[in-house]
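Survey of secondary and tertiary structure
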Amino acid sequence: MRVISGKYRGLVLSEFKGMEIRPTADRVKESLFNILSFQVAGARVLDLFCGSGNLGIECLSRGAGFVHFNDISRGSIAVLNKNLARLRGEKYSVTVGDWSQCLNTLRGGFDLIFIDPPYADDCGIYALRSVAEKTLLNSGGVAVYERDRAFSGGIEGLDKFDERKYGKTYLTFFRPSGE
């Protein structure tokens, strides 16, 4: 895993050992940030299931104004903190806890929200519903849901506007309803 672009371009990130962890692949991340290229600079970002911080750190490298990282795993947060220690002068915060606890304590809206839970768990759908209910996605903002199958159904308060498939990975893009 590496930072693809921006001021930390080429920085190799610490990552997990083992098969139970699935960071976003570099080629998927590169495609994702090509799609989001005009959304990142100055953005307020939430990396909800952050793992090693791969997506949020890419945002900081590309000029995001602030990133909030959250994960339930203390092991993930340890790897994240190791990666964040290599950055200088960035604005971010880190919480350790369940996604629902995190969403219940956040104040203010976000311009970008990454929801990348374990593929075997459908909690990403519940997280999207909570983001919509709490109006955590700013007007003009984008929420990205990553999983191993296409998204079906709907989320009240959010409109699905795009979906891309990269190998076994699906990226589904949402914006506030009516935009």
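In what follows, the accompanying structure is described.

The rules behind the values
- Residues numbered from 1 in each chain as written.
- Predicted model: local features only at pLDDT ≥ 70, side-chain atom pairs only at ≥ 80, totals over all residues.
- Heavy atoms only, no water.
- Core = buried A, V, L, I, M, F, W, Y, C linked by side-chain atoms within 4.5 Å.
- Buried < 20%, exposed > 50% of the residue type's maximum accessible area, 1.4 Å probe, protein only.
- Helix = DSSP H or I, 4+ residues; strand = E, 2+ residues; numbered from the N terminus.
- Contact = heavy atoms within 4.5 Å.
- Phe/Tyr/Trp six-rings, centres within 6.5 Å; stacked < 30°, edge-to-face > 60°.
- Lys NZ or Arg CZ within 6 Å of the ring centre and 35° of its normal.
- Salt bridge = Lys/Arg side-chain N within 4 Å of Asp/Glu carboxyl O.
- 1 Å grid on protein atoms, 1.4 Å probe; cavity = no way out; pocket = protein on both sides within 12 Å on 5 of 7 lines; lining within 4 Å.
- Points joined across faces, edges and corners; volume = space filled by probe spheres on them.

Before going further, it helps to examine the nonpolar core. Of all hydrophobic cores here, the largest spans 31 residues; its most connected members are L32, L36, C59 and F114. Elements supplying a minimum of two residues to this core: α1 (26-35), α2 (54-61), β2 (66-71), α3 (74-84), β4 (110-115), β5 (137-147) and β7 (169-176). Top contributing element to this core by residue count: α2, with four residues. Those residues in contact with C59 that sit more than four places away from it in its chain are F33, V40, V45, A64, V67, L112 and F114.

With that settled, the discussion passes to the packing of aromatic side chains. Inspection of every chain in the model, using the stated rule, returns five aromatic pairs. Their ring planes at 45° and their centres at 6.0 Å tell us that F33 and F114 sit as a pair that is tilted. Linking F33 in helix α1 with F114 in strand β4, this pair joins segments that are 81 residues apart in sequence. Accessibility assignment for this pair places F33 and F114 in one class, buried. Consider the rings of F69 and Y92, whose centres lie 6.3 Å apart with planes at 75°: the pair is edge-to-face. One end of the pair, F69, is in strand β2; the other, Y92, is in strand β3 (residues 92-96), and 23 residues separate them in sequence. Through a chain of ring-to-ring contacts, the aromatic side chains of Y145, F151 and F174 assemble into a single cluster. In this structure, R44 is placed above the aromatic ring of F110, and the distance from its NZ or CZ to the ring centre is 4.4 Å.

A few words now on the pattern of salt bridges. Within this structure, the stated rule accounts for eight salt bridges. A salt bridge links K29 to E58; the nearest nitrogen and oxygen atoms lie 3.4 Å apart. Of this pair, K29 sits in helix α1 while E58 sits in helix α2, and the two are 29 residues apart along the sequence. Considered together, K29 and E58 belong to a single accessibility category, that of buried residues. Put simply, K160 and E163 hold a salt bridge, and the shortest N to O gap is 3.5 Å.

Let's shift gears to unusual backbone geometry. Phi is positive for T135, which is not a glycine, with a value near 45°. Residue placement: T135 occurs in the loop between α5 (123-133) and β5.

Judged by how many residues are buried, α2 sits mostly within the fold: eight of eight residues are covered. Elements that come into contact with the buried residues of α2 comprise α1, β1 (44-47), β2, α3, β3 and β4. Directly after α2, the chain includes G63, whose backbone phi takes a positive value near 100°.

Attention now goes to empty space enclosed by the protein. Using a probe with the size of a water molecule, rolled over the atoms, empty space left in the structure can be pinpointed. Throughout the structure, instances matching the rule amount to one cavity of 30 Å³ or more. Estimated volume of the largest cavity: approximately 30 Å³. Lining of the largest cavity is provided by L32, L55, F114, I115, D116, V144, E146 and L171. Of all the secondary structure elements, the ones that give two or more residues to the lining of the largest cavity are β4 and β5.

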